[in-house]
Structures are given as structure tokens and as C-alpha cells.
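Structural overview for review
Here is how the chains run, residue by residue.
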Amino acid sequence: MDKESEKELVEKAKKDPEAFSILYEKYYSQIFGYILKRVADLEIAQDITSETFLKALKKLWTFKWRGISFSSWLFKIASNEIANFYRKKKKLVSLEKISEPVANSDPLGEIMRAQEELEKHKDFLILQEKISQLPLKDQEVIYLRFFEKKKIKEIGEILGKREGTIKSLLHRAIEKLRELF
Amino acid sequence: MKKEDLIKKLERASLPEIEITSHRERLKKDLLENYFPTKNKWETFLMFRKAAFASLAVIILLLASFYFIYPQYTLAKMEKIVLADPQIKEFLEKGSILKEMKVIGNKGYALISPAQEGELLEIKQEKLAGVLVEVNLKEKRVSRIERITPQIFLDEKEEEKAKEIAKENPEVKKSIPKEAEISEVRSIPSELELIQKGEEIEVSPKEKKATVIYKLNEKKWEGRINLKEEKVEEIEILDEDEKENIKLPTTTDQEELKPSTPEMKTATPTIPSKGEPMMQPSENSDVLLKKVEMELK
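About the thresholds
- Residues numbered from 1 in each chain as written.
- Chains lettered and ligands numbered in written order.
- Predicted model: local features only at pLDDT ≥ 70, side-chain atom pairs only at ≥ 80, totals over all residues.
- Heavy atoms only, no water.
- Pairing = 2+ DSSP bridges.
- Helix = DSSP H or I, 4+ residues; strand = E, 2+ residues; numbered from the N terminus.
- Axes fitted to C-alpha atoms, helices over the stretch in contact; angles between N-to-C directions.
- Contact = heavy atoms within 4.5 Å.
- Buried area = accessible area lost by both parts, 1.4 Å probe.
- Salt bridge = Lys/Arg side-chain N within 4 Å of Asp/Glu carboxyl O.
- Polar contact = N/O pair within 3.5 Å; in protein donor to acceptor, adjacent residues only side chain to side chain.
- Patch = residues over 30% accessible without salt bridge, like charges linked within 9 Å, V, L, I, M, F, W, Y side chains within 5 Å.
- Areas by Shrake-Rupley, 256 points an atom, 1.4 Å probe, with all protein chains shown as cover.
- Parallel < 35°, antiparallel > 145°, perpendicular 65-115°, else oblique.
- Left-handed = near helix turned anticlockwise from the far one by under 90°.
- Buried < 20%, exposed > 50% of the residue type's maximum accessible area, 1.4 Å probe, protein only.

Now for the sheet that holds strand β5 (residues 130-136) of chain B. Residue and element names in this part refer to chain B. A sheet is described by the order of its strands in space; here 4 strands give the open sequence β1-β2-β5-β6, paired in antiparallel fashion. Each of the sheet's edge strands pairs with one partner strand only, and the pair in question is β1 (96-104) and β6 (141-148). Direction aside, neighbouring strands of the sheet carry axes that sit 20° apart on average. Inspection of the sheet shows strand β2 (residues 107-114) paired to β5 by 6 bridges, in the antiparallel sense. Of the residues in β5, the one forming a bridge with Gly-108 is Val-135. Here helix α4 (residues 86-93) sits on the sheet in contact with β1, β2, β5 and β6, set at roughly 40° to β6.

On to the interface of chain A and chain B. In this assembly, 52 residues from chain A lie in contact with 34 residues from chain B. Around 4,400 Å² of area is buried between chain A and chain B when both sides are counted, 69% of it from carbon and sulfur atoms. A per-residue breakdown of the area chain A buries against chain B is headed by Leu57(A), Trp61(A) and Glu110(A), which together make up 14% of the total. Our count for the contact surface shared by chain A and chain B stands at 2 salt bridges. Lys28(B) serves as the salt-bridge partner of Glu25(A), at 2.9 Å between the closest nitrogen and oxygen. Connecting chain A to chain B are 14 residue pairs in polar contact (both at pLDDT 80 or more). Where the side of chain A that touches chain B is concerned, the elements lending two or more residues are α2 (17-39), α3 (42-59), α5 (95-98), α6 (107-120), α7 (122-131), α8 (136-147) and α10 (163-180) of chain A. The greatest single-element share of the side of chain A that touches chain B, amounting to 10 residues, is contributed by α2(A).

Taken together, the side chains of Ile59(B), Leu63(B), Phe66(B), Tyr67(B), Phe68(B) and Ile69(B) define a hydrophobic patch exposed on the protein surface, amounting to about 700 Å² of accessible area. Residue placement: Ile59(B) occurs in helix α3 (residues 41-84).

Residue and element names in this part refer to chain A. At a minimum axis separation of 9 Å, α3 and helix α4 (residues 70-88) run at an interaxial angle of 130°. As far as their axial angle goes, α4 and α3 are oblique. In terms of crossing hand, the pair formed by α3 and α4 is right-handed. Here α3 contributes Ile-44, Ile-48, Glu-51, Thr-52, Phe-53, Lys-55, Ala-56 and Lys-59 to the contact with α4, which in turn contributes Trp-73, Leu-74, Ile-77, Ala-78, Glu-81, Ile-82 and Phe-85.

Right, let's talk about the environment of Gly160(A) for a bit. One can find Gly160(A) in the loop between α9 (152-159) and α10. Placed 92 residues apart in sequence, Gly160(A) and Ile68(A) show a C-alpha to C-alpha distance of 9.2 Å.

This next bit is on the pairing of β5(B). Residues and elements named next belong to chain B. A large share of β5 lies buried, amounting to 7 of its 7 residues. Taking every second residue as pointing to the same face, both faces of β5 are buried, with Gly-130, Leu-132, Glu-134 and Asn-136 on one and Val-131, Val-133 and Val-135 on the other. Here β5 pairs with β6 via 7 bridges, running antiparallel. Its bridge partner lying in β6, Gly-130 is registered against Ile-148. Here β5 folds back onto β6, and the loop between the two strands holds 4 residues, one of which, Lys-140, carries a positive phi near 55°.

Another aspect to go through is the side chain of Lys209(B). With respect to the helices and strands, the residue Lys209(B) is situated in strand β10 (residues 209-216). A polar contact of 3.4 Å, which involves the side chain of Lys209(B), links it to the side chain of Glu233(B).

Dropping the structure here:
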């Protein structure tokens, strides 16, 4: 999907649930993946993802394609929700607790399998444990740069900072992380 | 660990690619069924914004009407009622003017007073400082006419104050011999104004001025005292053959008259001392004042 088509789709999604579904399907995996890597906990990752999309849906009518792409906007919401979780240790409203499981699904089994899969990535989990000791801003740049493979410009969009600031933030974050090894 | 090694470690880390399909589907269902706005919020906002702007415009218009347009209209209406009254017409024909108007609720008040400050209005051998007119705006008629008599005498406190100012003023000390005594103190009619006090209106003089007469043997001087500003404004010699006015500089005048060279200090207007040539009786006070001003310049 090119930029213009996505722009149109976002405008349509403000009124049309179908259009919103397309955007949701496109970005769910990216957002969930990013949050999971940040928190390394399946249950918390699900809750923060739910919060992120709920907030995105509520704020969609205010979104304007001005200097920030829809993808960056979603990552920004996700980053803020993660920061909120860490800062306030706030109790998340789990949508899973609200809605009934979809018929013919096995959520418990799925989570167990996902947990097993997560534990297989020992190198990542060691890295995640070290990175989580850094300040939130440093964590954000490292995750976005190395695990989400985002460009400096995109990270700037997500964190609302200039490219130069991101570069120096990244440099300092790597230095701090190096000291932990 | 070296920085390069750490970067390599970060770049090559095997990342979990996990997806919980059940969560994805349930979240989507929830969002669309329970949280998707039934009416577009942007449209609602736009509608609200339009309504808000329209309401604001109406409020501004109402306020403008209430505070600017309506009072002007009421005053114009009131002026028409006042000027149409035969008694007021008579006052105006005698040289008075409609000086001020105020509206309080359904009543309007107009002040009719002589055009010149200090003058009195003469109606049927009665001397008046002015007339207060009350207008019933609802019934569109003059409901009351109150005659304001000039305040000739001052109360005790005001009289004492006038005497004190008259004695202590340095220009008076210079111009009038210290043996001269104050023989009379009386009020000078001043320009009137309407003062609103709650729901009532009062007519009050703008300034409080008094005339003080100094006497020494056969010689007389008259001093004009501004009680509000606590100063002597003018001293006049009342002797018939030596009559002259000495206008004392006001605060602003003093600033303007401040001499630029030390020699100019001698040009301060005072009554001529003994031996100095006195003004000719034919020269009036204005001519003397002009002379003093010329010297100062």
C-alpha cells in the first residue's frame, strides 16, 4: 500500500469500520511485536496492545497526515502506553476480560505455545533484561533502531525529536548498555 | 564488550516473531463492536464548532447592543424628551446647555448648567448653579426638575482649610503683607457633574474653590483658593486705583515657566515692591499677565 492509498484509507477509517479493520490487520502484528519485545511478557503485551489500539481508535478523528505517518503515529501511542505502564505501573483494562473468547479458539493453548516460543530466544531475553535497566528514552531508541529496524527519521517521528537528537540519544544509549555487559 | 560488538549483537539478535491470533481477533471484534464511534467525532466537532461560533457571534452582538448600541439609543431618546420640555427650553434660551446625561434603570438624569464655569443661571430673579432633570424613560416624560442653588458659603472645616491655604502659600506671603488679615471666605460656583451612587444620582461640583479676602487698613486683596488641590490660584488687588491680577503658576505652568538661565528667575510674577514702577490703572490684568509671560519667554 502506497502512502497516498494509506492516507485515503486513514480518512475513510474515521467513519468506516471496514477501512479501520484493514489498518488494524496491517499494523496489529508490528505493534504487538514491538510491545512484546519491550516488555517480554505475553499478558502485559496483550493488554498494552489493546490499550494502544483503543486509544488509536478514539483519537483517530484527530489524526492528520502532517509530518508523521500513520505507522509512526501508532508506534508513538504504543511507546507512550509502555511508558505509562512503567511509570505508573497502571492497571491496564484488559479487553480479554471484557469480551468472550472467539468460538473454536484455544486462547490458553495459544498463550502457552507463544510462551514456549518466547523462551526459545534466550539471547534476546538476555539483551531485553539488560536494556530494561536503561532509562525509558534509551530503551525506546534501541528497540526502535535495532529490533524494529526503524530509520533515524522514523524514530524522530515516533519520539517527536530531531534526527540529530536521536543520533546522540542512540549513541549514549549504546554506551550505557555497553557498561552493563 | 566493544561498542562494535554490542551493535552486532543487537543487530543479529534472533527476535521472537510471536502472534496471538485469538487476542488479535477478540481485540478487533471488541474495538469494532463496542468502541467504534457510531457518529464521526470530527463531524460532530465541526457541527459543534459551527454552533459554538454562531452562539459566540450572537453573544458578542447582544453584548455590543447592550453595552454600546442600546445606551446610545436610550441617551438619544432621553435627549429628545428633555429638549422637548417647555421648562427646559426656557433654561436653554437663557444660555444654559445640556451638559451631561446618565441612565439608571428606567430613569434618565440630565444636568442643565450655564455654558461658562462660574456663571449662574438667572430664572425669575432666582440664581441657580444648574438644574437636574429626571426623565421617566418608560413613560417618555420629564418626571422631576430639581433646581440646584449655588453653594455660597463653605462649612466650617472647608472655611478653615481655605484660610490655612490662604495663609501658608509662599506666593501670598510674598505678595500680601503679613499684617493683612482674612476678612471673608466664600465659595465660588464651580462646574457641576453627575455622580452615580448605586441607584441614585447626585449633583456635585467638579472642583471646590473659594474666594478669600485679605484686608490691611484700606487695602484689600482677593485670593482664589482651590481646596481640592490645596493651592492659591490667583491673587487680585481690590484697591480701585491699583487693581491688578496676579495669576499664580499652576503645577503645569511652573514646569513650563522653569527658567533656563539663572537670570530668568527674577521674572517670577509678583506684585511690584516699593520703589518699582506700578502698572498703570488703564492696563488690565490680562495685559499684565501677557507682559509677565513675555518676560518669562
